[in-house]
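Tertiary structure, described
Here is what each chain is made of, one letter per residue.
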Amino acid sequence: KAGVTQTPRYLIKTRGQQVTLSCSPISGHRSVSWYQQTPGQGLQFLFEYFSETQRNKGNFPGRFSGRQFSNSRSEMNVSTLELGDSALYLCASSLNWDLPLNEQFFGPGTRLTVL
Amino acid sequence: AQSVAQPEDQVNVAEGNPLTVKCTYSVSGNPYLFWYVQYPNRGLQFLLKYITGDNLVKGSYGFEAEFNKSQTSFHLKKPSALVSDSALYFCAVRDGPGGNNRLAFGKGNQVVVIP
């Protein structure tokens, strides 16, 4: 069974631009979560989607948004990029939303660099 | 909010020696605890989780973790470390009530296994 895939793997943008990152969960998994990883702040939860609905949201500004499609694939968007948005963005999939002891399976991440 | 703390930045251990990575938690209600490992330029890989029941949890790659309620700890252990165990280790706790997969991570511990 294929794992979680994220595209692109690397991205370079300039301040003020916007970016869209994509995540395809493991086949059959319906919940997708996004995390931001930086050296200073560590791993921080962005949001979680299940059945095309956002179920949970972390403490990030409104410039960070996401969505989930009917096939469970998810995208996250960051508008008006700032230097501090440079990070590794990780996507995680799990079987269901309402089984809190689910294991989450992480993708390799998208490395975003903002210049 | 639930949280975990990993007090050490780096753990150095000689190959063949026992490895311990420390984690303490702070939760209201039942703790649902996880350990993940991250290799360079890779996403997080699930190692093990504590749900309830046995305080000694066995996981992947020969790792185990000991849950101690009185000390609010969930230390990761391996009886004999390998050079290939050198990586970044994260302790995490499910953050929030009800059905959600949101995880709160510790800052991570760099493990260096010396040949």
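Source: prediction; values computed, not measured.

All names here are of chain A. Here strand β9 (residues 87-94) lies mainly inside the structure; 8 of its 8 residues are buried. Of the two faces of β9, both are covered, the one formed by A87, Y89, C91 and S93 as well as the one formed by L88, L90, A92 and S94. One ladder, built from 3 bridges, connects β9 with strand β11 (residues 110-114); its direction is antiparallel. Within β11, the residue paired with A87 across the bridge is L112.

Residues and elements named next belong to chain B. In terms of nonpolar packing, the biggest core is built from 28 residues, with W35, L48, F74, L76 and Y89 touching the most fellow members. Of all the secondary-structure elements, those providing two or more residues to this core are β2 (10-14), β3 (19-21), β5 (33-38), β6 (44-50), β8 (64-68), β9 (73-78), β10 (87-94) and β12 (109-114). Ranked by residue count, the leading element in this core is β10, at 4 residues.

Residues and elements named next belong to chain A. Reading across from one edge, β1-β3-β8-β7 is the order of the 4 strands in this open sheet, with antiparallel pairing throughout. Edge strands, defined here as strands with exactly one partner in the open sheet, are β1 (5-7) and β7 (64-68). Going from strand to strand, the sheet's axes swing by 20° on average, the running direction of each strand aside. Strand direction decides the pairing type here: β1 and strand β3 (residues 19-24), joined by 3 bridges, are antiparallel. Counted as the bridge partner of T5 is S24 from β3.

Turning our eyes to something else, we now look at the interface of chain B and chain A. The interface of chain B with chain A comprises 21 residues on the first partner and 26 residues on the second. A combined buried area of about 1,900 Å² lies between chain B and chain A, and 53% of that area is made up of carbon and sulfur atoms. Counting the contacts that link chain B with chain A gives 1 salt bridge. Here K49 of chain B ties to E103 of chain A by a salt bridge, and the two come within 3.6 Å at their closest N and O atoms. Summed over the shared surface of chain B and chain A, the result is 4 residue pairs in polar contact (both at pLDDT 80 or more). A per-class count over the side of chain B that touches chain A returns 10 nonpolar, 7 polar and 4 charged.

A few words on the pattern of salt bridges. Residues and elements named next belong to chain A. Taken as a whole and assessed by the stated rule, the structure comprises 9 salt bridges over all chains. A salt bridge links R67 to E75; the nearest nitrogen and oxygen atoms lie 3.3 Å apart. Among the residues examined, E75 registers a relative accessible area of 16% and is labelled buried. Ionic pairing is found between E75 and R73, a salt bridge with its closest N-O pair at 3.3 Å. On the basis of relative accessible area, R73 is assigned to the partly exposed category, the value being 24%. A network of salt bridges, in which partner residues are shared, links R63, E82 and D85.

Estimated volume of the largest pocket: approximately 330 Å³. In this structure, the largest pocket is lined by 21 residues; those nearest its centre are Q37, T38 and P39 of chain A together with Q38 and L88 of chain B. Split into classes, the residues belonging to the lining of the largest pocket amount to 7 nonpolar, 10 polar and 4 charged. A volume near 270 Å³ is recorded for the second largest pocket. As for the second largest pocket, its lining consists of 19 residues, of which L43, Q44 and F45 of chain A together with R102 and A104 of chain B are closest to the centre. Contributions of two or more residues to the lining of the second largest pocket are made by β5 (42-50) of chain A together with β1 (3-5) and β11 (103-105) of chain B. By residue number, the principal contributor to the lining of the second largest pocket is β5 of chain A, which donates 4 residues.

The rules behind these values
Along each chain, the written sequence defines residue order, and numbers are assigned to residues from 1. As a convention, the first chain written is A and the first ligand written is 1, with the rest following in written order. Reporting in this predicted model follows two pLDDT cut-offs: at least 70 for local features of residues, and 80 or more for side-chain atom pairs to be given and counted; totals over whole chains, interfaces and linings ignore these cut-offs and use all residues. The basis for the side-chain values is all heavy atoms of the structure; hydrogens and waters are excluded. Burial here depends on accessible area, computed with a 1.4 Å probe over protein chains only, as a share of the maximum for the residue type. Under 20% is buried, over 50% is exposed, and the range in between is partly exposed. The helix count covers DSSP runs of H or I at least four residues long, the strand count covers runs of E at least two residues long, and both are numbered beginning at the N terminus. At least two bridges found by DSSP between two strands are what make those strands a pair. Nonpolar cores are built from buried Ala, Val, Leu, Ile, Met, Phe, Trp, Tyr and Cys residues. Side-chain atoms within 4.5 Å join them into one set. In this description, a line fitted to the C-alpha atoms serves as the axis of each element, helices being fitted only across the stretch in contact, and the angle between N-to-C directions of two axes falls anywhere from 0 to 180 degrees. Any two residues having at least one pair of non-hydrogen atoms within 4.5 Å are treated as being in contact. Reported buried area values correspond to the accessible surface (1.4 Å probe) lost by two parts on association, with both partners' losses combined. Each reported salt bridge corresponds to a side-chain nitrogen of Lys or Arg within 4 Å of a carboxyl oxygen of Asp or Glu. Counting of polar contacts relies on pairs of N or O atoms within 3.5 Å, with two restrictions inside protein: one atom must be capable of donating a hydrogen and the other of accepting it, and residues adjacent in sequence are counted only when both atoms are side-chain atoms. Each residue is assigned to one of three groups, with Ala, Val, Leu, Ile, Met, Phe, Trp, Tyr, Cys and Pro labelled nonpolar, Asp, Glu, Lys and Arg labelled charged, and all others, Gly among them, labelled polar. With a 1 Å grid laid over protein atoms only, a set of points is called a cavity when a 1.4 Å probe fits there but cannot get out and a pocket when it is open yet has protein on both sides within 12 Å along at least five of seven lines; lining residues have an atom within 4 Å of a point. Grid points are joined across faces, edges and corners, and a volume is the space filled by probe spheres set on the points.

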